[in-house]
Amino acid sequence: MSLWPQYDAWARRFDDALMPTYGTPPVALARGEGCRVWDVDGNAYLDFIAGIAVSSLGHAHPALVDAVSRQVATIAHTSNLFLHQPEILLAEKLLGLLQQEARVFFTNSGTEANEAAFKLVRRHANGTSRNYVVAAENGFHGRTMGALALTGKAAIREPFAPYGVDVRFVPYGDVDALKAAVTDECAGVFLEPTQGEAGVVPPPDGYLTAAREFCDATGAVLVLDEIQSGIGRTGTWFAHQHEGVRPDVLTLAKGLGGGLPIGACIGVGTFGQTFGKGDHGSTFGGNPVACAAALAVLDTIEKDGLLAHVVTVGEQLASGIAAIQHPLLAGVRGQGLWRAVVLTQPKSGEVQKAAQDAGFLVNAVQPDAVRLAPPLIVTAEQVQAFLDRLPGILDAVLVKES
């Protein structure tokens, strides 16, 4: 008899009904509360991936539940033929946090935010000799065709080529390579302040500053993709604020909605008015319910002092991992509550499974890197619980291997 009869039944139905783009997920979640989730067979887990850095306030947070419930009972959808208050309040809130003169375009997701940014760069370059863009090797910007053209992971980009656009990839963090690539014919530069899907890989100090200088010198548009790093994930509202760099275009999603689908493309300065009427659109972008959720997320992060909390527990998490001596553990990288456990062997899938067996949900983002992105509300006690179990999780992988 199976130990997980409910999971087995739902997994079979999943396989029969859904395209096989994700394989068969290893856990069937039924409910959540705070940083804890339960599967359909009643097993409990501490959630240290938060829907890939999405569930900023964890699960079933009262502020989010209340905001969404009130909005859906008021008006759930308007389309962009009509304005509504939540989208205006949210746009104003984001601009206040960004502290730049800017304008916002709301989308449903991160890839759509990057599509909007790509179109904005193309619109800005129209009528000029600027005919290519620069992006980073191993960068990730989304799965739709424009965003995928910018994604520097050959395994997922090349099967869908050609793209009809000239994208030149440079090694992430290589200042000299970036400088050589950004010429007067470059339309824009797309970078993540830290590469998320590459394994939470931060750039060297000064890299974003150098990118800003190269774009200023040549007139290229600097687009910073903060789909994963934004909204407090690294201990500031936006990760680029650690280096004091001003983007021309900023893209957001994931943690912004706290679990509801919403993204944003923000044009700074003149780039906030590059699009004219009819240049872009979205039926569901800026949906009232999603905007209400995002406002609740931002207000709660502010009211509860979660940025400072992220710094404190993020350092506890990082220093605790760094202190562990284990043959499978190479170290830790990242910032705030966005970390990668770096392995000495390509065993991340096995570590993810061992963590699941121990009651923790983590993500094997690269063969030698396990991504940790718990909700911003994760407690010091919950972080310590993970640290206490991590050596045993790693041991379980080595024992199974032997």
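In short, a report on the structure.

Definitions and cut-offs
Residues numbered from 1 in each chain as written. Predicted model: local features only at pLDDT ≥ 70, side-chain atom pairs only at ≥ 80, totals over all residues. Heavy atoms only, no water. Helix = DSSP H or I, 4+ residues; strand = E, 2+ residues; numbered from the N terminus. Rg over C-alpha atoms; globule rule 2.2 N^0.38 Å. Buried < 20%, exposed > 50% of the residue type's maximum accessible area, 1.4 Å probe, protein only. Contact = heavy atoms within 4.5 Å. Areas by Shrake-Rupley, 256 points an atom, 1.4 Å probe, with all protein chains shown as cover. Pairing = 2+ DSSP bridges. Axes fitted to C-alpha atoms, helices over the stretch in contact; angles between N-to-C directions. Salt bridge = Lys/Arg side-chain N within 4 Å of Asp/Glu carboxyl O. Right-handed = clockwise from strand over helix to strand, strands pointing away. Core = buried A, V, L, I, M, F, W, Y, C linked by side-chain atoms within 4.5 Å.

### A closer look at the overall build of the protein
Then step 1. When its secondary structure is counted, the protein shows 13 helices and 15 strands.
Then step 2. For 402 residues, the compact-globule estimate of 2.2 N^0.38 gives 21 Å, and the protein sits close to it at 21 Å.
Then step 3. Taken along the three principal axes of its C-alpha coordinates, the protein extends 65 × 55 × 45 Å.
Then step 4. Of all 402 residues assigned to the protein, the portion counted as buried reaches 53%.
Then step 5. Restricting the contact set of the protein to residue pairs at least 6 apart, pairs at least 24 apart contribute 72%.
Then step 6. Carbon and sulfur atoms form 55% of the exposed surface of the protein, whose accessible area is close to 17700 Å².

### Structural notes on the sheet that holds strand β15 (residues 369–372)
Then step 1. Across the sheet, four strands lie side by side as β11-β12-β15-β14; this open sheet has antiparallel pairing. Each of the sheet's edge strands pairs with one partner strand only, and the pair in question is β11 (329–335) and β14 (363–366). On average, each strand axis in the sheet is tilted by 30° relative to the strand beside it, whichever way the strands run.
Then step 2. Across four bridges, strand β12 (residues 338–343) lies against β15 in antiparallel orientation. Bridge assignment links Arg339 to a residue of β15, and that residue is Leu372.
Then step 3. The strands touched by helix α12 (residues 348–357) within the sheet are β12, β14 and β15, with β14 carrying the most contacts at an inclination of about 170°.

### Structural notes on the pairing of strand β1 (residues 29–33)
Then step 1. Looking at chain direction, β1 and strand β2 (residues 36–39) are connected through four bridges and run antiparallel. Directly across from Gly32, in β2, lies its bridge partner Val37.
Then step 2. As consecutive antiparallel partners, β1 and β2 are separated by two residues, and within that stretch Gly34 has a phi angle of approximately 65°, a positive value.

### Notes on the pattern of salt bridges
Then step 1. Taken as a whole, this structure holds 13 salt bridges when the rule is applied.
Then step 2. Between Lys93 and Glu302 there is a salt bridge; the shortest N-O distance is 2.4 Å. With Lys93 in helix α4 (residues 85–98) and Glu302 in helix α10 (residues 288–303), the pair connects residues that are 209 residues apart, well separated along the chain.
Then step 3. The class for Glu302 is partly exposed, based on a relative accessible area of 44%.
Then step 4. Here Arg212 and Asp216 are joined by a salt bridge, their closest N and O atoms 2.9 Å apart. Highlighted residues: Arg212 and Asp216, both in helix α9 (residues 207–218), separated by four residues, approximately one helical turn.
Then step 5. Assessed through its relative accessible area of 10%, Arg212 is described here as buried.
Then step 6. When its relative accessible area of 48% is taken as the criterion, Asp216 is described as partly exposed.

### Here we look at unusual backbone geometry
Then step 1. With an omega of 5°, the peptide bond between Ala161 and Pro162 qualifies as cis.
Then step 2. With respect to the helices and strands, the residue Pro162 is situated in the loop between α7 (154–157) and β6 (167–170).
Then step 3. Of note, Ser79 is a non-glycine position whose phi angle comes to about 65°, a positive value.
Then step 4. Structurally, Ser79 is set in the loop between α3 (62–72) and α4.

### Considerations on the pairing of strand β8 (residues 221–225)
Then step 1. Of all five residues in β8, five are buried; the element is thus mostly enclosed.
Then step 2. The alternating pattern of β8 places Val221, Val223 and Asp225 and Leu222 and Leu224 on opposite faces, both of which are buried.
Then step 3. Pairing between strand β7 (residues 186–191) and β8: four bridges, direction parallel. Bridge assignment links Val189 to a residue of β8, and that residue is Leu222.
Then step 4. Between the parallel pair β7 and β8, the chain is carried across by α9, and the sense of this crossover is right-handed.
Then step 5. Here β8 runs beside strand β9 (residues 249–252); their pairing, made up of three bridges, is parallel.

### Focus on the nonpolar core
Then step 1. Judged by nonpolar contacts, the single largest core of 84 residues is most densely connected at Leu90, Leu94, Val134, Leu178, Val189, Ile231 and Ile301.
Then step 2. Here this core gets 10 residues from one element, more than from any other, and that element is α10.
Then step 3. When neighbours within four sequence positions are excluded, Leu90 is seen to be in contact with Phe106, Ile262, Cys291, Ala294, Leu295 and Leu298.
Then step 4. Counting residues in each nonpolar core, the second largest holds 18 residues, with Ala116, Ala117, Leu120 and Phe190 among its members.

### Considerations on the sheet that holds β1
Then step 1. Across the sheet, which stays open at both edges, the four strands sit in the order β1-β2-β3-β13 with mixed pairing between neighbours. Across the chains shown, the open sheet's two edge strands, defined by having one partner strand only, are β1 and β13 (360–361).
Then step 2. Where β2 lies against strand β3 (residues 44–47), three bridges are found, and the strand directions are antiparallel. Each residue of the ladder has a partner; that of Val37, found in β3, is Tyr45.

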